[in-house]
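Chain by chain, the residues:
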Amino acid sequence: MFPTWIMSGIWGLFAGSALIIGAVAGYFFKIPQRIIAAIMAFGAGVLMSAVSFELLNEAYTVGGVYNVILGFLLGASIFTAANVYLARSGAKHRKRSGKKMLSGNGSESSGPAIAVGSIIDGIPESIAIGLTMIEGGVVSTATVVAIFLSNIPEGLSSSAGLKTIGWNATRVFLLWIGVTICTGFSSLAGYTIFGQFDPAIISIVLSLSAGGILAMLVDTMIPEAFSETHNLAGMITVMGFIISFILSKLG
């Protein structure tokens with residue numbers, strides 16, 4: 001059995017590998033946009049549940065309500081500021097799979113901005129995986145499953161969009177392999193670096209990750225989910241939420 005600190009990185013890599021699985025489906029198969037949007041809605045519901053019942057609950061237990069509020073608002077603020085910058089740099093629609101990728105002058109989705117945006121999207125999720133292992137050295141199954149399931153539609157949607165704007169397979173998969181490696185290191189950092197801090201700091205970082213994830217959902221995943229499913233988006237999201245909730249209780 002590997003040491004706990006190595007396992008924290010492995011779990012991050014595992015969750016991030018779903019991006020590559022989604023990329024294969026999105027790049028090589030012609031998947032209807034309604035299906036992609038439905039998968040995105042399901043993934044959004046799964047992550048919302050993980051934020052509510054895993055990350056924030058743990059943050060509250062470790063550090064109390066004030067640290068939760070501070071971290072949660074700080075995480076949302078950091079992500080929002082980064083997202084505004086990325087949107088102006090060409091990654092506004094980095095999770096869109098259809099014509100939105102080609103909006104504006106036809107070159108809005110710049111490659112470097114998409115890569116940076118994908119890493120920023122994944123960092124709070126991955127850090128959260130490592131943080132869940134601090135107490136007892138056992139990863140939160142619900143959190144890993146939630147992030148894994150939400151990464152599949154992200155890789156699928158973005159890769160379909162990148163193919164639409166002319167990226168070849170090598171560029172697309174090098175992007176997702178790089179992002180996956182970053183998720184592994186982020187999870188490792190969540191356990192090894194933040195695990196050495198005071199419980200109050202751990203609480204703030206956990207809730208910071210939760211705030212960043214929730215802001216990401218509303219800014220990027222939910223628009224794609226609603227774009228094609230419309231009236232069904234809410235129901236599909238609820239299904240993802242309740243399945244993730246049940247997993248958290250079983251875990």
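The chain appears in an unreviewed UniProt entry as Zinc transporter ZupT from Methanobacterium congolense.

A. Molecular detail of the packing of helix H2 (residues 33-63) against helix H5 (residues 141-164). Their axes nearest at 8 Å, the elements H2 and H5 cross at an angle of 150°. Our classification of the angle between H2 and H5 gives roughly antiparallel. Crossing of H2 over H5 shows left-handed handedness. Contact residues: Ile 36, Ile 39, Met 40, Phe 42, Gly 43, Val 46, Leu 47, Ala 50, Glu 54 and Leu 55 in H2; Ala 142, Thr 143, Ala 146, Ile 147, Leu 149, Ser 150, Pro 153, Glu 154, Leu 156, Ser 157 and Ala 160 in H5. Its residues assigned to classes, the contact of H2 with H5 shows 15 nonpolar, 4 polar and 2 charged.

B. Summary view of the packing of aromatic side chains. Applying the stated criterion across every chain yields a total of 8 aromatic pairs. Look at Tyr 27 and Phe 28: their rings are 5.3 Å apart centre to centre, the planes differ by 75°, and that puts the pair in the edge-to-face class. Overall, the relative accessible area of 11% leaves Tyr 27 in the buried class. A centroid spacing of 5.9 Å and a plane angle of 75° characterise the contact between Phe 194 and Phe 197, whose relative ring orientation is edge-to-face. The exposure class assigned to Phe 197 is partly exposed, which follows from its relative accessible area of 39%.

Rules of the game
- Residues numbered from 1 in each chain as written.
- Predicted model: local features only at pLDDT ≥ 70, side-chain atom pairs only at ≥ 80, totals over all residues.
- Heavy atoms only, no water.
- Axes fitted to C-alpha atoms, helices over the stretch in contact; angles between N-to-C directions.
- Helix = DSSP H or I, 4+ residues; strand = E, 2+ residues; numbered from the N terminus.
- Parallel < 35°, antiparallel > 145°, perpendicular 65-115°, else oblique.
- Left-handed = near helix turned anticlockwise from the far one by under 90°.
- Contact = heavy atoms within 4.5 Å.
- Nonpolar A, V, L, I, M, F, W, Y, C, P; charged D, E, K, R; others polar.
- Phe/Tyr/Trp six-rings, centres within 6.5 Å; stacked < 30°, edge-to-face > 60°.
- Buried < 20%, exposed > 50% of the residue type's maximum accessible area, 1.4 Å probe, protein only.

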